[in-house]
Amino acid sequence: MTAPLTDRYAVTHRLYPYRRSADQDAAEPARHPVVVVGGGPVGLVTALDLGLKGHRVVLLDDHEGVGTGSRAICFSKRTLEICHRLGAGEQMLDKGVVWSRGRVFHDRDEIYAFDLLPEAGHRHPAFINLSQIDFERFLAEAIARANAEGAQIELRGRNRVDAVDPRADGVSFDVMTPEGPYQMEADWLIACDGARSPVRDMLGLGFEGRVFEDNFLIADVRMTADFPTERWFWFEPWFKSGASALLHKQPDDIWRIDFQLGWDIDREEELKEDNVRARVDAMLGPDVAYKLDWTSIYTFQCRRMDAFVQGRVVFAGDSAHQVSPFGARGANSGVQDAENLAWRLDLILRGVAGETLMQGYNRERVMAADENILNSTRATDFLTPKSAVSRTFRDAVLHLASDHAFARPLVNSGRLSVPCVYGRLPGFGADALEGGPDRSRPGAPCPDAPRGEGYLLDGIGDGFQLLGINAFVPDAFDLDGIAVTGLQLEADADIKARYLGVADHAVYLIRPDQHVVARWPVYSAEAVIAAIRAHLGR
Amino acid sequence: MALVLTPNIDNPDGFYDALVQAHEGLNADESAAFNARLILILANQVGNEETLRAALKTAQGA
């Protein structure tokens with residue numbers, strides 16, 4: 001394929017304008033350790049994480065920057081923790097709209113409410129709402145800052161991958177630019193090129209799953225309104241703008257509105273401004289002035305690839321798995337994919353771990369994708385019942401929920417993204433801390449807690465870490481070329497609740513993505529070494 | 001909590017009569033909706049996941 005480059009969408013910020021690269025004039029295809037395909041949230045996080053770890057990274061994108069439309073808007077606590085470690089979290093938190101409360105209505109009645117983070121003592125809230133445009137922009141700015149301090153992350157705009165030739169020890173591929181094609185090689189190719197992944201198609205790999213027969217209209221409207229910063233969701237809303245509706249605040253006076261339209265619709269007709277306005281007017285009332293910022297109609301599918309690691313090509317984010325938007329499990333799970341693969345690839349590229357370490361990425365992120373697909377499918381089945389009897393039960397739940405508390409937990413307008421706990425997969429030992437809290441068991445991401453002027457997670461990550469709570473751990477040692485550092489803490493009430501439970505002291509082994517590998521009541525060098533080696537498959 | 005499959009209803013004839021009576025005057029859709037509400041109410045009374053799954057299996061004729 002050597003078709004000229006075409007714009008699939010308009011660009012709002014030209015973050016990486018096309019520049020001729022020396023690779024285009026090389027006599028032989030240039031070889032790179034890591035090439036990332038796709039400059040969305042997942043590609044940017046992958047490139048930034050690997051670049052900060054000292055690797056030379058090239059990211060290829062067929063556009064020159066961020067697309068239009070807010071698209072993903074709900075970014076989870078775990079995503080913010082990851083971005084904070086990468087130096088982009090503060091801007092996100094400053095700009096984002098913080099929320100943790102959701103309210104669900106049926107017709108006019110409130111039937112259910114939830115609070116996602118009822119606990120204090122975390123740097124990051126349960127969620128922020130932020131436009132994907134800003135999310136990507138902040139990551140690109142963090143990449144520029146990292147490069148200013150010596151990182152080597154190169155973003156190549158208007159570089160489209162057209163053909164992929166996988167080899168045993170790498171990947172060779174063709175790239176199209178405005179000045180014609182060139183060839184490149186990479187030890188590892190990370191495909192973050194979205195749900196319609198061209199790389200996946202080029203390799204002839206399947207992407208099977210369920211299609212949901214429903215259409216949703218997104219309208220981002222700009223208005224000044226004093227609705228609270230909560231997620232409001234209606235089933236069968238009294239204003240009749242859709243079978244369901246959602247209202248959620250974003251920064252800069254933008255409100256995300258979502259209407260469920262049904263299956264047999266005329267997309268073009270529905271997207272006409274007058275028709276969109278009629279639905280929004282019915283919801284907001286005739287006196288509210290607003291401007292339509294962005295509209296779109298989407299359908300969705302729940303599906304994943306059989307395996308996310310295909311030799312030296314690794315799929316991450318929507319290219320590997322796709323879910324419905326109810327639950328904010330798309331971008332958030334993709335960012336966790338990126339973090340999961342980055343530390344593994346770091347060890348592999350540095351030659352201190354074998355290629356098989358990437359199989360752990362496959363196992364863990366397939367498990368996470370299945371969990372996300374399950375939750376997303378359940379929510380979607382509740383929103384769009386697929387049979388008459390499913391609809392009858394759904395309506396019965398909604399009917400009972402107004403008067404009876406027992407039915408409210410059955411109401412499902414999306415179960416929001418929480419990180420997957422990998423503990424039952426290979427590489428995680430048995431939980432050796434008797435009485436330890438469930439939330440910090442092996443496989444779980446470390447819960448945050450206040451520490452001094454900052455937070456516990458500030459001091460954890462990037463390498464293997466021992467955390468001694470009321471217990472001795474060594475300051476630092478080297479194991480087979482891998483640096484292990486230690487941090488000793490006296491437990492306060494928060495640390496006790498989150499890490500000790502009924503135990504008096506504990507030692508945690510934490511891997512570079514802040515997930516717990518193992519925990520014990522006391523330090524034992526032998527146990528720690530065995531746990532690290534087992535985890536790295538030695 | 002094991003699923004009870006031995007007689008446990010206090011007044012079998014009385015309950016059966018009340019159940020059928022409750023559907024009187026309802027069309028098929030209304031009856032289906034009524035049954036769905038009733039199942040949800042009774043399921044909440046049982047609560048235990050294992051027992052509920054055993055009940056689903058028994059109803060399937062397994």
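Quick caveat: nothing in here was measured; it's all calculated off a predicted structure. (Residues numbered from 1 in each chain as written. Chains lettered and ligands numbered in written order. Predicted model: local features only at pLDDT ≥ 70, side-chain atom pairs only at ≥ 80, totals over all residues. Heavy atoms only, no water.)

Trainee: Any chance you could explain the overall build of chain B here in plain terms?
Mentor: Across its full length, chain B holds three helices and zero strands. Secondary structure elements of chain B, listed N to C terminal, follow the sequence α-α-α. In terms of C-alpha radius of gyration, chain B reaches 13 Å, well past the compact-globule figure of 11 Å for 62 residues. Taking all 62 residues of chain B together, the buried fraction comes to 8%. With an accessible surface of roughly 5,000 Å², chain B has 56% of that area assigned to carbon and sulfur atoms. (Helix = DSSP H or I, 4+ residues; strand = E, 2+ residues; numbered from the N terminus. Rg over C-alpha atoms; globule rule 2.2 N^0.38 Å. Buried < 20%, exposed > 50% of the residue type's maximum accessible area, 1.4 Å probe, protein only. Areas by Shrake-Rupley, 256 points an atom, 1.4 Å probe, with all protein chains shown as cover.)

Trainee: Got a minute to help me understand the sheet that holds strand β5 (residues 74-76) of chain A in this structure?
Mentor: The strands making up a sheet associate through hydrogen bonds between their backbones, and the pairing can be parallel or antiparallel. All names here are of chain A. The strand order across the open sheet formed by three strands is β5-β9-β6, and the pairing between neighbours is antiparallel. Whereas interior strands pair on both sides, the edge strands pair on one side only; in this sheet they are β5 and β6 (97-99). Strand after strand, the sheet turns through a mean of 30° between neighbouring axes, direction not considered. Pairing analysis gives three bridges linking β6 to strand β9 (residues 127-129), with the strands arranged antiparallel. Residue pairing for β9: V98 is matched across the bridge by I128. (Pairing = 2+ DSSP bridges. Axes fitted to C-alpha atoms, helices over the stretch in contact; angles between N-to-C directions.)

Trainee: Explanation requested: the domain arrangement of chain A in the structure shown.
Mentor: Interface extent is often summarised as the accessible area lost during association of the parts. All names here are of chain A. Along its sequence, chain A is organised into domain 1 (11-95 + 129-206 + 303-355) and domain 2 (438-535). Put simply, the middle of domain 1 and the middle of domain 2, counted by C-alpha atoms, are 30 Å apart. Contacts between the two partners involve 13 residues from domain 1 and, on the opposite side, 15 residues from domain 2. For the pair domain 1 and domain 2, the summed buried surface comes to about 1,100 Å²; carbon and sulfur atoms form 51% of the total. For the domain 1 face of the interface with domain 2, the top three residues by lost area are R78, R85 and W343, together amounting to 46%. Across the domain 1-domain 2 interface, the total number found is zero salt bridges. On inspection of domain 1 and its partner domain 2, the count reaches three residue pairs in polar contact (both at pLDDT 80 or more). Secondary structure elements with two or more residues in the side of domain 1 that touches domain 2: α2 (77-85) and α8 (331-349). (Domains from an automatic or database assignment. Contact = heavy atoms within 4.5 Å. Buried area = accessible area lost by both parts, 1.4 Å probe. Salt bridge = Lys/Arg side-chain N within 4 Å of Asp/Glu carboxyl O. Polar contact = N/O pair within 3.5 Å; in protein donor to acceptor, adjacent residues only side chain to side chain.)

Trainee: Got a minute to help me understand the pattern of salt bridges in this structure?
Mentor: Pairing between side chains becomes possible if they bear opposite charge and their charged atoms approach one another. All names here are of chain A. Under the definition given, this model contains 52 salt bridges over all chains. With a closest N to O distance of 3.4 Å, E141 and R137 form a salt bridge. Remark: R137 and E141 occur in helix α4 (residues 132-148); sequence separation between them is four residues, near one turn of the helix. When its relative accessible area of 28% is taken as the criterion, E141 is described as partly exposed. Across the salt bridge formed by E185 and R167, the nearest N and O atoms sit 3.9 Å from each other. Taken together, the positions of E185 in strand β13 (residues 180-191) and R167 in strand β11 (residues 160-167) put the pair 18 residues apart, joining distant regions of the chain. Looking at E185, the relative accessible area reads 17%, which means it is buried. The class of R167 is partly exposed, set by a relative accessible area of 41%. The network of salt bridges with shared partners includes D49, K53, K77, R78, E81, R85 and E339.

Trainee: Where do I start with the packing of aromatic side chains in this structure?
Mentor: Geometrically, a pair of aromatic rings is defined through the distance of the ring centres and the angle of the planes. Residues and elements named next belong to chain A. Across all of its chains, the model carries 23 aromatic pairs over all chains by this definition. Through successive ring pairs, a cluster of aromatic residues spans F212, F216, F233, F235, Y298, F300, F326 and F382. In this arrangement the basic side chain of R108 is found over the ring face of W238, its NZ or CZ atom lying 4.4 Å from the centre. The side chain of R200 reaches across the aromatic face of F207, ending 3.8 Å from its centre. (Phe/Tyr/Trp six-rings, centres within 6.5 Å; stacked < 30°, edge-to-face > 60°. Lys NZ or Arg CZ within 6 Å of the ring centre and 35° of its normal.)

Trainee: Help me understand the packing of α8(A) against helix α9 (residues 357-383) of chain A, please; the structure alone is not making it clear to me.
Mentor: Helix-helix packing is described using two parameters, namely the angle between the two axes and the distance between the axes. Residue and element names in this part refer to chain A. At their nearest, the axes of α8 and α9 sit 9 Å apart, and the two run at 170° to each other. Taken together, α8 and α9 sit at an angle that is classed as roughly antiparallel. Touching S333, Q336, D337, N340, L341, W343, R344, L345, L347 and I348 of α8 are L357, M358, G360, Y361, E364, R365 and N372, all from α9. (Parallel < 35°, antiparallel > 145°, perpendicular 65-115°, else oblique.)

Trainee: How do you make sense of the environment of G537(A) when you look at a structure like this?
Mentor: All names here are of chain A. Secondary-structure assignment places G537 in the segment after α12 (525-535). When its relative accessible area of 58% is taken as the criterion, G537 is described as exposed. Residues G537 and L357, spaced 180 residues apart in sequence, show a C-alpha to C-alpha distance of 6.8 Å.

Trainee: Mind showing me how you'd approach the UniProt feature "domain: FAD-binding" (unreviewed entry) in chain A here?
Mentor: The UniProt feature table records "domain: FAD-binding" (unreviewed entry) at residues 33-371 of chain A. As a span, residues 33-371 of chain A carries 29% helix and 36% strand, and end to end its C-alpha atoms are 32 Å apart. (UniProt positions renumbered as here; feature names shortened; annotations may be inferred.)

Trainee: Would you take a moment to explain the sheet that holds strand β14 (residues 208-222) of chain A for this structure?
Mentor: Residues and elements named next belong to chain A. If you walk across this open sheet you meet the eight strands as β8-β7-β15-β16-β17-β14-β18-β21, and the pairing is mixed. Of all strands in the sheet, those bounded by a partner on one side alone are β8 (109-115) and β21 (321-322). As judged from the eight bridges shared by β14 and strand β17 (residues 254-262), these two strands associate in the antiparallel manner. Note that in β17 the partner of V221 across the bridge is W255. Where helix α7 (residues 273-284) meets the sheet, it contacts β14, β15 (231-235), β16 (244-249), β17 and β18 (291-304), and its direction lies at approximately 105° from that of β17.

Trainee: What is the right way to look at the environment of A113(A) in this model?
Mentor: Residue and element names in this part refer to chain A. Among the secondary structure elements, A113 is positioned in strand β8. Taking C-alpha positions, A113 is 29 Å from K496, a pair spaced 383 residues apart along the chain. Filtering out sequence-adjacent residues up to four positions away, A113 remains in contact with R101, G102 and R103.

Trainee: What exactly am I supposed to notice about unusual backbone geometry here?
Mentor: Glycine aside, a negative phi is what most residues show, and trans is what most peptide bonds show. All names here are of chain A. One non-glycine residue, R158, lies in the positive phi region at around 50°. Structurally, R158 is set in the loop between β10 (153-156) and β11. The phi angle at N470 is positive, at roughly 55°, despite the residue not being glycine. Take N470: it is sitting in the loop between β24 (464-469) and β25 (476-479). Accessibility expressed as a relative area gives 34% for N470, which makes it partly exposed.

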